[in-house]
Amino acid sequence: TMSAGLFVDFKKGEVNELKQQLRDGTIDRDHKAKRAVMEKVIGYMTLGLDMAPLFSEMIMATATKDLVQKKMAYLYVANYAESQADLALLAINTLQKDCRDEDPMVRGLALRCLCSLRVNNIVEYLLDPITRSLNDATSPYVRKTAVMCCVRLHNLSPRLARSANFVQKLTSMLSDRDPQVVANCVCALGELLKNKGGIELNKGLVIMLLKRLRDFNEWSQCTILQLLSNYKPDEPNEVLDLMNYLDERLRHGNSAVVLATTRMFLHLTADNAAVHRQVLERLKPPLITLMTGGTPEVAYPLLHHIKLLVQRCAGVFDDDFDNFFTRYSDPLYIKVLKLDILVLLANSTNFQYIVDELASHAADPDERTSRKCIRALGLIACRVDEAAEPVLKQLLSFLAVIRIDHVISETAVVAKDLLRKLPASAEMMLPVLSKCITHVEEDKGKVAVIWTLGEFGHLIPEAPYVLEGAIDLYEEASASVRLELLSATMKLFFKRPPEVQHMLGRLLEAATSDASHVLVHDRGLLYYRLLQYSPQEAAAVVGAHKEPITGFAEEHDTEATDRLFEEFDQLSVVYGEPAARWHRPPCGEEDDESSPAQSRRESLVHEEQHAGGGGGGLYDMSALEGDLLGGGDFGGGSSGSALALQPTPLLEAEVFQQAWTQLPQTGDFDTRLSSIPDNADLEATLAAVGIKVMASGTRGDETKLYVYGLEVTGSMVCLAEVVIVLSQGVARATIKCENGDSSAGFSHLIQQAMQSC
C-alpha cells in the first residue's frame, strides 16, 4: 500500500533524481529502498505526471525477484507502452521469460502485462504464452488470467484466435476444478461467441453449473445465472429440478444474486400462469426483506423490480402494503418509488390504511414529498371506486385546514382530475373548491380552479363573480391563467349569458389586444370570430361533449410492461424503458465476419468497386473516375464520382455549425427508400464508409440527421442535412462541401448507405 506522503507537490528536476536512483546499483541490493523509489514513480504516474522518461530504467527493474517491485514495474510498463512503443519491445523478452517462471504469481502477472501492451505487432508474441498458461496444471491464478487474455487476443486478431481453437479449449475448461476459472470462461466465451448467439447450453452443462453455484463469489454467480436464464427446459419435471437447485440462492444476502435468481425463476415459469403466480409468492419474502433491510442504494433497484412485478401480476404484493410505507429517513427517490407502488397496491380492502398514511404526509416539510402524496391520493380515488369518497373528504380537509401554498395548489389540481373522472362528486367538492381561488398562489392551481368554474359554473351560484375578480387581475396573470380564463368564461357564457356577457366582452378585448403572448391573442381572436360568425357554432365548439374517463392508458399498455419484463434484472427496469430506447451498441465492431456493420461495409465496398469498372477499393480515386451511369455529365458532375473519406473523422460541434452557416449549398437529392432504416443501423452503415452523424432526432413524421465526412487527401469537409419523411418513405438531403466537385460523391455514399440498411 502506498503511503499518503507520496501525494505531495512535484519538485522540479525530480524525474532526473528518480532516474539516477533507479540506476544506482546500491539501491538494487536494498529492496526497501528500491520499493520506495518505485512507489514514488507509480504515485506520480497516478497523479497524471509524465514519468515516461524513466521507461528504460523501469524496464530494467522488471528483472527482479521481488514480487512487489515486479508488480509496480509491470503496471508502469503497461501504462506507458503505447507512447514508448519502440522501447516497449525490449520488455517482451523479459515478460516471456517470466511467463515460464516457477512462481505462479509471477507467471500470471507477466502474462497479464504482456497482453496489456498496446503496441503494434504484439500478436505474434501472445499465442504461445496464452496456450501454455491455459494448460497450467498447478495454478488456478495463471489459468484464469490466461482465459481473459484469450479475449484480448481475439480482439487483436480474431482469425488467430479461431485458429488456436480457443472456443473449444474454454468450453472444456467449464468443468475446471477452480470456480473462478469457470466464471472467467463463461465471460470469455460470451465475448468470443457474442455474434453467434453465445454459449450453447445443454441440460448437463446447466445442471453442472447449478450444482457448483454456491462455490462461486457473488458476481460470478450473477454472471452464470444470467447465462442460464437463456436456457429453455424441454420437460416440466426439468423445470422443477432447476428451481430446486435455485431455491437456496433466494436466501443469499446479496441483492444482485437474488435478482438474478428471481429472473431465472420467472423465465422458467413464463409459460405456466398458475406456477408463475406461485413462484411470485415464493419470491416476495426475499425481495421485501432485502428492500426493507438494505441501504437506500440497494433498495432503489429492488423497488423498481418490485414495481414491475406488481404491474405484471396484480394482487401478489397487496397484503404487504405496509412494507412500502415511507420512513422519515428515506431519501426522496425512495419515497417516490414507494408511493408509486402504494398506488398500485391499493384495493377495496386495504385502501383506507393507505389513504390514512398518505394523508398524514400531505403537510410533510419536504414539498416534493407532500405533492407526491396528494397526487397519489388522487390516483387511488380514480383506481379504486370505494376509495373515492374517503379521498374526497381528505382533499376537502386539506383545503379547509392546511394553509400551505403548494398543498392548496396541488389539492386543487387533483380535485380537478377527480371531477373529470367522477363528475358525481361535484356536489361535494364545488362549494369548497370555488372559494379557494383567493388562497391559490401557483399558476397550475389557479388554472384548475378556473377550469372548475367554467365546467361546473351552472352549479356554483357565485361562479361569474369569482371569474370576474380573476378577470380584473388579468394584467397580473400568467399566459396559462389567461388561456384558461378565456376558455372558462366562454363555457360559462353559454350557461349563464346575462351575467357573463359584459365580462366576456372585456376579456376578449383584453386578449385580442394582448401583444405579449401570441397564444392568448390567437385564442381570444378565435373566440371573438366564432361568436361573430355564429353563437350556436361557438357553443358547439367550446362546450363539446366530453367522454367520461374510464381508465388509464398506462394500465392498458401491457406491451411496454412485457418488454421490460423480458429485460428483468437489467438497467432497463430502473430506467423504465427497454434497452433499445436508451442503449446504442458501439459502432465499428468488425472483429467477426458475421458483424452486421462489417457486412454492410463489405457490401458497399463491393458496390463501389463494380461501379467504377473493376479494381480498387472504396477509397481508390483512380478506379472510380467518370459517370457511374455511363451517360455523360448530368448536372455538372457525375453522381458516382469517387470520394475518399477518412475512416474515423472527428469534427467539433462548434466547427460543424460554423461551417454549415458559411458553406454554400453544392448539391441535393430526393430519393425513395426501399424501407425505413433504423437510426442505429443507419449511423453504423454511414460510419462504415467514413460518414459520421453529428446530431439526429425524430419529430413527428420526420427523422433528421446532420452528417459530415472529411476527405483523406486533406482537411476538406463535406456536410449534409438528411430528412427522412417516415410516412412517405422518402429521403431528402442538402449537401454542402468546401470542394464542389466532392458533392456528388458524398451524396452518392449517403444514398448507398441508406438503401443498404
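Above this text sits the structure in question.
Keep in mind that this is a model prediction, so the values were computed, not measured.

Engineer: Whenever I open this one, the overall build of the protein chain confuses me. Can you help?
Structural biologist: Secondary structure assignment for the protein chain yields 39 helices and five strands. Within the protein chain, the fraction of its 757 residues that count as buried is 48%. Across the protein chain, contacts joining residues at least 24 apart in sequence account for 64% of those joining residues at least 6 apart. Per element, the accessible surface of the protein chain, about 37,200 Å² overall, is 51% carbon and sulfur.

Engineer: So what exactly am I meant to see when it comes to the packing of aromatic side chains here?
Structural biologist: Ring pairs (aromatic) are described by centroid distance and by the angle formed between their planes. Applying the stated criterion across every chain yields a total of 13 aromatic pairs. Relative to Phe456, the ring of Trp451 lies with its centre 6.1 Å away and its plane at 75°, an arrangement referred to as edge-to-face. Classification of Trp451 by relative accessible area gives buried; the value is 12%. Its relative accessible area of 10% is what places Phe456 among the buried residues. Measuring from ring centre to ring centre gives 5.8 Å for Trp660 and Tyr706, while their planes differ by 90°; the resulting arrangement is edge-to-face. One end of the pair, Trp660, is in helix α37 (residues 653–662); the other, Tyr706, is in strand β3 (residues 702–710), and 46 residues separate them in sequence. Using a relative accessible area of 17% as the deciding quantity, one classes Trp660 as buried. Using a relative accessible area of 24% as the deciding quantity, one classes Tyr706 as partly exposed. Through a chain of ring-to-ring contacts, three or more aromatic side chains come together here, namely Phe656, Trp660, Tyr706 and Tyr708. For the cation-ring pair, Arg312 lies above Phe565, with the distance from its terminal atom to the ring centre recorded as 4.1 Å. Geometry around Tyr474 places Arg482 over its ring, the cationic atom sitting 4.5 Å from the centre.

Rules behind the numbers
Residues numbered from 1 in each chain as written. Predicted model: local features only at pLDDT ≥ 70, side-chain atom pairs only at ≥ 80, totals over all residues. Heavy atoms only, no water. Helix = DSSP H or I, 4+ residues; strand = E, 2+ residues; numbered from the N terminus. Buried < 20%, exposed > 50% of the residue type's maximum accessible area, 1.4 Å probe, protein only. Contact = heavy atoms within 4.5 Å. Areas by Shrake-Rupley, 256 points an atom, 1.4 Å probe, with all protein chains shown as cover. Phe/Tyr/Trp six-rings, centres within 6.5 Å; stacked < 30°, edge-to-face > 60°. Lys NZ or Arg CZ within 6 Å of the ring centre and 35° of its normal.

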